Amino acid sequence: MAVPAYLIVLAAVAVLVAAGLGVVGGLVVSRSRARTRRAAETRPGPTVAELLARLVRRSHSGLVVLNRFGDIVLANERAETLGVVVGARPDARVAAAAALISEGGVTTEIDLSPSTTVRRAPQSVVARIHALGDGFVVVDASDASDAVRLEAVRRDFVANVGHELKTPVGAMAVLAEAVLDAEDPDEVAHFAGKIFHESRRLGSLVTELIELSRLQGAERLPEPIPTDVDDVIDQAVGRARSSAETANTQLTLDGPSGLAAAGSRPLLITALANLLENAIAYSPAGSTVSVRRRRAAERIEISVTDRGIGIAPEHQERVFERFFRVDQARSRATGGTGLGLAIVKHVAANHGGDVRLWSEPGVGSTFTLRIPAAPETSRAAPTPAAPPAAARPPTPPAATPRPALPRPPAASPAASPATASSSATVGRDHAAALPGSPGGSP
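The structure displayed is predicted, hence computed values, not measured ones.

Engineer: I tried to follow the overall build of the protein chain on my own but got confused; where do I start?
Structural biologist: Each helix and strand in the protein chain was counted, giving 11 helices and 15 strands. Taking all 442 residues of the protein chain together, the buried fraction comes to 39%. Look at the contacts in the protein chain between residues 6 or more apart in sequence, and 64% of them connect residues 24 or more apart. Taken as a whole, the protein chain presents about 24800 Å² of accessible surface, with 59% of it coming from carbon and sulfur.

Engineer: Help me understand the packing of helix α8 (residues 265–281) against helix α10 (residues 340–350), please; the structure alone is not making it clear to me.
Structural biologist: At a minimum axis distance of 9 Å, the contact between α8 and α10 shows a crossing angle of 145°. Crossing of α8 against α10: the hand is left-handed. Packed against α8, whose contacting residues are L267, L268, T270, A271, N274, L275 and N278, the element α10 presents G340, L341, I343, V344 and V347 at the interface. For the contact of α8 with α10, a count of residues per class yields eight nonpolar, four polar and no charged.

Engineer: How should I be thinking about the sheet that holds strand β6 (residues 125–133) in this particular structure?
Structural biologist: The strands making up a sheet are joined through hydrogen bonds of the backbone, oriented either antiparallel or parallel. One open sheet holds the five strands; their spatial order is β2-β1-β7-β6-β5, and the pairing between them is antiparallel. The outermost strands of the open sheet, each flanked by one partner alone, are β2 (72–75) and β5 (108–111). With strand direction ignored, the average angle separating the axes of adjacent strands in the sheet is 20°. The pairing of β5 with β6 spans four bridges and is antiparallel. By the bridge assignment for β6, I110 is matched with A127.

Engineer: So what exactly am I meant to see when it comes to the side chain of S359 here?
Structural biologist: As for its position among the elements, S359 is in strand β13 (residues 354–360). Here I311 takes part through its backbone nitrogen, which lies 2.7 Å from a polar atom of the side chain of S359. At a separation of 2.7 Å, a polar atom in the side chain of S359 contacts the side chain of S365.

Engineer: Is there a simple way to think about the packing of aromatic side chains in this case?
Structural biologist: Between two aromatic rings, the relevant description is the distance of the centres plus the angle of the planes. The tally for this structure, following the rule as stated, stands at one aromatic pair. Aromatic side chains F320 and F367 sit 6.0 Å apart centroid to centroid with 75° between the ring planes, which places their arrangement in the edge-to-face category. Of the two residues, F320 is situated in the loop between β12 (299–306) and α9 (328–334) and F367 in strand β14 (residues 364–372); the sequence distance between them amounts to 47 residues. For the residue pair F320 and F367, the accessibility class agrees, reading buried in each case.

Engineer: I keep staring at the confidence of the model for the protein chain and nothing clicks. Help me out?
Structural biologist: In low-pLDDT regions, the fine details of the predicted coordinates are not to be read closely. Looking at the protein chain as a whole, the pLDDT averages 74, with 68% of positions reaching at least 70. In the predicted structure, residues 377–442 sits below a pLDDT of 50 and forms 128 contacts with residues beyond four places in sequence or in another chain.

Engineer: Explain the pattern of salt bridges to me, please; I cannot follow it from the model alone.
Structural biologist: Pairs can form between side chains of opposite charge whenever their charged atoms are close. Across all of its chains, the model carries 10 salt bridges by this definition. For D231, the salt bridge is made with R265, and the minimal N-O distance between the two is 2.6 Å. On the criterion of sequence distance, the pair formed by D231 in helix α7 (residues 229–246) and R265 in helix α8 is long-range, its members being 34 residues apart. Assessed through its relative accessible area of 22%, D231 is described here as partly exposed. Here R370 and E301 are joined by a salt bridge, their closest N and O atoms 3.2 Å apart. Linking R370 in strand β14 with E301 in strand β12, this pair joins segments that are 69 residues apart in sequence. Taken individually, R370 and E301 each receive the classification buried, so the pair is uniform in this respect. One continuous salt-bridge network, built from bridges that share partners, spans R294, E301, D354, R356 and R370.

What counts and what doesn't
Residues numbered from 1 in each chain as written. Predicted model: local features only at pLDDT ≥ 70, side-chain atom pairs only at ≥ 80, totals over all residues. Heavy atoms only, no water. Helix = DSSP H or I, 4+ residues; strand = E, 2+ residues; numbered from the N terminus. Buried < 20%, exposed > 50% of the residue type's maximum accessible area, 1.4 Å probe, protein only. Contact = heavy atoms within 4.5 Å. Areas by Shrake-Rupley, 256 points an atom, 1.4 Å probe, with all protein chains shown as cover. Axes fitted to C-alpha atoms, helices over the stretch in contact; angles between N-to-C directions. Left-handed = near helix turned anticlockwise from the far one by under 90°. Nonpolar A, V, L, I, M, F, W, Y, C, P; charged D, E, K, R; others polar. Pairing = 2+ DSSP bridges. Polar contact = N/O pair within 3.5 Å; in protein donor to acceptor, adjacent residues only side chain to side chain. Phe/Tyr/Trp six-rings, centres within 6.5 Å; stacked < 30°, edge-to-face > 60°. pLDDT = per-residue confidence, 0-100. Salt bridge = Lys/Arg side-chain N within 4 Å of Asp/Glu carboxyl O.

Here is the structure:
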């Protein structure tokens, strides 16, 4: 049956209408997207006022804007931290200076350092006050604590170095005059020996100053290499053996361990030799200085224990300072420079480790150098710790050539604070104590 012509026409019209609607819809969608894109491109960004507000809020300086009446127009949180703003009002010193500046005064600088010392709070604050015109002033305060601290350290260091250099130089000048006046060959030999001793002391001081300066400016070792711990100990003991023989002190070691540390062999030898020299210098004649090595978790620990005079708790945090000496007279007699333990501290820090101290007056001291273990060592089984010793570290028997190092004695729970031993840590871990010592982790 034939399809009527009018139906064919209607179908064609419907197809054309559908096609037209599709084209129109596409054009509408396309234009809508274009309008959205143009609107996004022309949307205004933050105003200058908004940017300035962000800058003030995020500034490391304390910023405050005051009007002619001394009211706060604008301030950031840092201004409160530095003490420029106290209780929503400007500090009295700031208000007085701002009043003068707003009346046509020149830019001035005032000290806002707190009168009392608060831990972790800025200790030195400097504020600069500038006029903005129309009676407005801006206060720009900054924390100068680090600069003041560094200046104090520099001043003390220069004074200490001058004193330490002056002492041997003055002694050599006096001894040289005595040699010139001496006629007896024995006197000449005696004074010459004294000059030689002072010259060696001066040389050691200069050498250690250079070493300390180099270590302080160095960063952590970029690529530590596996270093044989047994070899480091043998070399350090070899350096200290002459001093031990002169002081009539016995050096005892535990057995070889096969451990490897990640670090610099020369620096580790220097640090351990300094610990040994320090232990020998503060040990009585006929006593023993012991060296022990072990691995604890991912660290290599090398401990040096003496049975000397010990260190009082109030001095334990300071023994790693440059030129600090617990016993000035003993240090002068042994020719110490007061830099050995400072060098140890910086060597440990450069290796990413630390040095820990356990000490009790009248019993002795244990210095423990803790440095990262080499990767192959860190996967090995832990070295078992030595059992605790009695209340006082005993002198190893003469029949045992290489006894194990005793653990530092543990304080009795009933001991008074004056008699209990204490601990100090220098390096990355400032809060922990020597394992096995009072307050330390087991």
